[in-house]
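# Structural description and commentary
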Amino acid sequence: MPGRRTRFFAQHRIAGRARPVLPSEAFAVITRNDLRELAVLTAVGVVLGLVHLTLRPGLPLLAAPAAQCSAGEAPVEQAFEPEPMESLIDGGVR
Amino acid sequence: MNAHPGPGDMSSQPSLWRRAAWPARLVLAGVFLAAAAPKLADPAGFAAAIANYRAFPDALVNLVATIVPALELVGALALLSPWRRGGALLLGALLLGFTALLATSLARGLDVSCGCFGGADVTNAAETAGDPVRPLHLLRNLGLLALVALSLAEPRTATAAPATNVR
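Residues numbered from 1 in each chain as written. Chains lettered and ligands numbered in written order. Predicted model: local features only at pLDDT ≥ 70, side-chain atom pairs only at ≥ 80, totals over all residues. Heavy atoms only, no water.

### As for the overall build of chain B
The line we're drawing: Counting from the N terminus, the helices are DSSP H or I runs at least four residues long and the strands are E runs at least two residues long. Relative accessibility under 20% of the residue-type maximum defines a buried residue, over 50% an exposed one, and the middle range a partly exposed one, all with a 1.4 Å probe and only protein chains included. Note on definitions: a residue-residue contact is assigned when non-hydrogen atoms from the two residues lie within 4.5 Å.
Summing up its helical and strand segments, chain B has five helices and zero strands in all. In chain B, the succession of helices and strands from N to C terminus is α-α-α-α-α. With 167 residues in all, chain B has 49% of them scored as buried. Across chain B, the fraction of contacts at a sequence separation of at least 24, relative to all contacts at a separation of at least 6, is 70%.

If you want it as structure tokens, here you go:
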């Protein structure tokens, strides 16, 4: 029963020389090992980001929604006079 | 197709992939370290830049603004470690996300700051303070994606061989 290494060389050696890696093989399939590495690195990054966020006093974990006018709040006064309808009728030219 | 050639091929001459992948990884790691550092130093500015894209709910902007640079940092460091394939996959996924975000903002006609290498200047009222999003950014991301593909193209012999194959 040939060992693992022997079987490997039998498959990958041609005329005593190492078989070159073809480009199609070089872009190898993403293996389960690669995906495991990706998952671990992602988890580390997320944890680091959360730790960074909690250590920042100025940044809340969940930001408040963007400021909007509430029902009881007075609307902002317009700094300019609204244009009368008559000026729109004659093409907006006064 | 065997993605785990084992240690036998290590004695052969370094292949073109191996020679090209090493500088590609160095460039990628440098770019992402340079991108992560200012974002980590000023997460509020980066959060403002992200909010301008109007792609995330307001509540999640701070989370994204701190997790994304951390992922960039981890991915860049992993590229220089034996976990280089995982790091390349992580940076590739990030680049795909960035490219999609840039493409959608260009398609929507948003005139916002890229925020690629740090946040917009929050003291400046203009949303485009800094580097406005341009099609050139898409081209740059495509180039970086090509470097990620080159890193992944490196045969496994040149990367860390699984411990089970080494005897």
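Moving on from the model shown.
### Remarks on unusual backbone geometry
Its identity is not glycine, yet Arg54 of chain B carries a phi of approximately 55°, on the positive side. Among the secondary structure elements, Arg54 of chain B is positioned in the loop between helix H2 (43-53) and helix H3 (61-79).

### Topic: the packing of helix H3 (residues 32-55) of chain A against H3 of chain B
Test applied: Comment: axis = line fitted to C-alpha atoms, over the contacting stretch for helices; angle = value between 0 and 180 degrees taken between N-to-C directions. Here the angle decides the label: under 35 degrees means roughly parallel, over 145 means roughly antiparallel, 65 to 115 means roughly perpendicular, and every other value means oblique. We call a crossing left-handed when the near helix sits turned anticlockwise from the far one by less than a right angle, and right-handed when that turn is clockwise. Residue polarity is assigned by list, with Asp, Glu, Lys and Arg as charged and Ala, Val, Leu, Ile, Met, Phe, Trp, Tyr, Cys and Pro as nonpolar; anything else, Gly included, falls into the polar class.
One can describe the packing of H3 of chain A onto H3 of chain B by two numbers: an axis separation of 7 Å at closest approach and a directional angle of 135°. The angle between H3 of chain A and H3 of chain B falls in the class oblique. The hand of the H3 of chain A/H3 of chain B crossing is right-handed. Counting all contacts with H3 of chain A, which are made through Leu41, Thr42, Val44, Gly45, Val46, Leu48, Gly49, Leu50, His52 and Leu53 of chain A, the residues of H3 of chain B involved are Asn62, Leu63, Thr66, Ile67, Ala70, Leu71, Val74 and Ala78 of chain B. Residue composition of the contact of H3 of chain A with H3 of chain B, by class: 12 nonpolar, six polar and no charged.

### What to know about helix H5 (residues 135-153) of chain B
Short version of the rule: By definition here, a helix of n residues has an expected span of 1.5 Å times n minus one.
Over its 19 residues, H5 of chain B runs 27 Å from end to end, which matches the ideal 27 Å to within 8%, given 1.5 Å per residue. Among the residues of H5 of chain B, those classed as buried are His137, Asn141, Leu144, Leu145, Val148, Ser151, Leu152 and Ala153 of chain B.

### Structural notes on the nonpolar core
Spelled out, the test is: Note on terminology: a nonpolar core comprises buried Ala, Val, Leu, Ile, Met, Phe, Trp, Tyr and Cys residues joined through side-chain atoms within 4.5 Å.
Formed by 23 residues in total, the largest nonpolar core has its most connected members in Leu28, Phe32, Leu79, Leu95 and Val148 of chain B. Counting residues per element, the ones that place at least two in this core are H3 of chain A together with helix H1 (16-41), H3, helix H4 (84-107) and H5 of chain B. When residues in this core are grouped by element, the largest group, seven residues, is from H3 of chain B. Those residues in contact with Leu79 of chain B, other than ones at most four positions away along the chain, are Arg25, Leu28, Ala29, Arg84, Gly87, Ala88 and Leu91 of chain B.

### Here's the deal with the confidence of the model for chain A
Operational definition: A residue's pLDDT is simply how confident the predictor is in it, with values from 0 to 100.
Summing up the model confidence of chain A, the mean pLDDT is 68 and the portion of residues at 70 or higher is 37%. Taken element by element, chain A is modelled with least confidence in strand E1 (residues 13-14) of chain A, mean pLDDT 51, and with most confidence in H3 of chain A, mean pLDDT 94.

### Some remarks on a nonpolar patch on the surface
Applicable threshold: By definition, no residue in a patch forms a salt bridge, and every one has over 30% relative accessible area; like charges are joined within 9 Å, nonpolar side chains (Val, Leu, Ile, Met, Phe, Trp, Tyr) within 5 Å. Each accessible area value is a Shrake-Rupley result obtained with a 1.4 Å probe; residue values ignore everything except the protein chains displayed when judging cover. Definition used for salt bridges: Asp or Glu carboxyl oxygen within 4 Å of a side-chain nitrogen of Lys or Arg.
Taken together, the side chains of Leu50, Leu61 and Leu62 of chain A together with Phe56 and Leu60 of chain B define a hydrophobic patch exposed on the protein surface, amounting to about 410 Å² of accessible area. Locating Leu61 of chain A in the fold gives a position in the loop between H3 and helix H4 (85-89). What makes Leu61 of chain A partly exposed here is its relative accessible area of 45%.

### Focus: the packing of H4 of chain B against H5 of chain B
Residue and element names in this part refer to chain B. Relative to each other, H4 and H5 sit at 160°, their axes nearing to 9 Å. With respect to each other, H4 and H5 are oriented roughly antiparallel. Once H4 is placed against H5, the crossing between them reads as left-handed. Two secondary-structure elements touch here, H4 through Arg85, Ala88, Leu89, Gly92, Leu95, Leu96, Phe98, Thr99, Leu102, Ala103 and Leu106 and H5 through Pro135, His137, Leu138, Asn141, Leu144, Leu145, Val148, Ser151 and Leu152. Here the residues of the contact of H4 with H5 are counted per class, giving 14 nonpolar, five polar and one charged.

### A closer look at the pattern of salt bridges
This structure, assessed with the given rule, holds two salt bridges over all chains. Between Asp34 of chain A and Arg85 of chain B there is a salt bridge whose closest N-O contact spans 3.0 Å. Taken as a pair, Asp34 of chain A in helix H3 and Arg85 of chain B in helix H4 lie in two separate chains rather than in one. No difference in accessibility class separates Asp34 of chain A from Arg85 of chain B, as the two residues are buried. Taking the shortest distance from any N to any O, the salt bridge between Glu72 of chain B and Lys39 of chain B comes out at 2.9 Å. Within this pair, whereas Glu72 of chain B is found in helix H3, its partner Lys39 of chain B is found in helix H1, the two being separated by 33 residues in sequence. Take Lys39 of chain B: its relative accessible area is 2%, and that puts it in the buried class.

### As for H4 of chain B
Between its first and last C-alpha, H4 of chain B extends 34 Å over 24 residues, near the 34 Å set by a 1.5 Å rise per residue. Just downstream of H4 of chain B, Gly109 of chain B is the residue with a positive phi angle, here 75°.

### Focus: the side chain of Thr99 of chain B
Residue and element names in this part refer to chain B. As a reminder, the rule being used: Contacts described as polar in this section are N or O atom pairs within 3.5 Å, which, within protein, must combine one atom able to donate a hydrogen with one able to accept it, while residues neighboring in sequence count only if both atoms come from side chains.
For Thr99, the position within the fold is in helix H4. Among the residues examined, Thr99 registers a relative accessible area of 13% and is labelled buried. Of note is the side chain of Thr99, whose polar atom sits 2.6 Å from the backbone oxygen of Leu95.

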